[in-house]
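Given next are the chains, with one letter for each unit.
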Number of protein chains: 2
Amino acid sequence: MDMENRKFDYEVIEEIKTRWSPRAFDPERTVPEDDLMGMLEAARYAPSCFNEQPWRFIVGRRGDSNFERIKAALTDSNREWASKASVLMMILSVQKFEKNQKPNRWHLFDAGTAWGYLSLEAERRGLITHAMAGYNRDQIREAFSVPEELSIIAAVAVGYYGDKASLSQKNFENEKPSPRNSIQDLLYQSQAIE
Amino acid sequence: MDMENRKFDYEVIEEIKTRWSPRAFDPERTVPEDDLMGMLEAARYAPSCFNEQPWRFIVGRRGDSNFERIKAALTDSNREWASKASVLMMILSVQKFEKNQKPNRWHLFDAGTAWGYLSLEAERRGLITHAMAGYNRDQIREAFSVPEELSIIAAVAVGYYGDKASLSQKNFENEKPSPRNSIQDLLYQSQAIE
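Residues numbered from 1 in each chain as written. Chains lettered and ligands numbered in written order. Predicted model: local features only at pLDDT ≥ 70, side-chain atom pairs only at ≥ 80, totals over all residues.

Chemist: Explain the overall build of chain A to me, please; I cannot follow it from the model alone.
Modeler: Regarding its fold elements, chain A presents eight helices and four strands. For 194 residues, the compact-globule estimate of 2.2 N^0.38 gives 16 Å, and chain A sits close to it at 18 Å. When burial is assessed residue by residue, chain A has 49% of its 194 residues classed as buried. For chain A, the share of sequence-separated contacts (at least 6 apart) that also reach a separation of at least 24 residues comes to 79%. (Helix = DSSP H or I, 4+ residues; strand = E, 2+ residues; numbered from the N terminus. Rg over C-alpha atoms; globule rule 2.2 N^0.38 Å. Buried ≥ 20, exposed ≤ 12 C-beta atoms within 10 Å, placed from the backbone. Contact = placed C-beta atoms within 7 Å.)

Chemist: What should I look at first to understand the interface of chain B and chain A in this one?
Modeler: Think of interface size as the accessible area that goes away when the parts come together; that is how it is often given. Listed by partner, the interface residues are 61 residues for chain B and 60 residues for chain A. Elements represented by at least two residues in the side of chain B that touches chain A include exactly α1 (14-18), α2 (33-44), β1 (55-61), α5 (107-124), β4 (150-159) and α8 (183-186) of chain B. Here the element with the most residues in the side of chain B that touches chain A is α5(B); it accounts for 13 residues.

Chemist: It is not clear to me how unusual backbone geometry should be interpreted in this structure. Could you clarify?
Modeler: In most cases, non-glycine residues show a negative phi, while peptide bonds are predominantly trans. You will see that Gln101(B), though not glycine, has its phi angle at about 60 degrees, which is positive. As for its placement among the helices and strands, Gln101(B) is situated in the loop between β2 (87-94) and α5.

Chemist: Please explain the sheet that holds strand β4 (residues 150-159) of chain A as it appears in this structure.
Modeler: Two pairing modes exist for strands in a sheet, parallel and antiparallel, and in both the strands are linked by backbone hydrogen bonds. Residues and elements named next belong to chain A. Spatially, the four strands line up as an open sheet ordered β1-β2-β4-β3, and their pairing is antiparallel. Looking at strand neighbours, the two that pair on one side only are β1 (55-61) and β3 (128-132), the edges of this open sheet. Direction aside, the axes of adjacent strands within the sheet are offset by 25 degrees on average. Taken together, the five bridges between β3 and β4 define a ladder with antiparallel strand orientation. Within the sheet, the bridge partner assigned to Thr129 lies in β4 and is Val158. (Pairing = 2+ DSSP bridges. Axes fitted to C-alpha atoms, helices over the stretch in contact; angles between N-to-C directions.)

Shown next as structure tokens:
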């Protein structure tokens, strides 16, 4: 793998170093139950505002109706490669606090943290993940009868690395880890770290 | 540590298992530069929609003006314990895509993923973290001249575990890892996993 865009100046968790978002999924392999549950186990231990745990997941496995419904809602360009994944998931979040039904300003942020944990646990288990913004949200809402109180945030493809040569020319050329901004670019009022 | 609320049915990354959100920070120790930068290095390798990397951080270290400004904006109940942290950070996010200035629906979600990576890297380095929703947002916006185009999401205390006995009675009693919902509770249309 071409890791030219992943130069680490500081040591970090192995799975953070090796994780990226490939498209070349293996259309044959299936994800063992234990790995799928392990990913969800990781997600559920994310921290959240008032421990509200607003994250929810729809999980589809190749061949089941959840998988087919998620696959059908993807954009054509995502469906092309993501339909070869072993698992298609949707990440949702609950918009209001359970306790008092007031708006939870952190539900998207907290769901992102849970997705972060899930993505790293998948990596530890030898799985690849690729989150997607490209899908028809209304179609997902209707297909799974998701009430308006839940946000539909992202689709995620999960599976095993397959054959890069099976990708379209465009995806083939982009099939490598993406670059990142420098740490200094992330620091607002960066005089903080001198 | 009382880990009664952390029973893992599936193996997950060590840092996910051991991380929680304590309040008993050590008011003496300081975080080495390398650890602080390592945390930000972890954050910057999080995935994001179109690789936009919308997360931003304000970092204050005990004694500097960023730390004092964040500390001043915390609610009294948070300031009581969080002022003993070695580092106080603010997590921000850029609301629009850089490329076309259209609203980025995923900026909070992606910032949550980056925070997730940061929190685990801190844990690996022996640091404790505690994210807080309790602070005066307007005060932060004014103190750091944060433009309206950036969301101010959360404050985070970072440091070393100190003396639990230094906590108030209420915080002392709550000083343990919080419980979690079951995996089944997180599955929307949970027939997916049988």
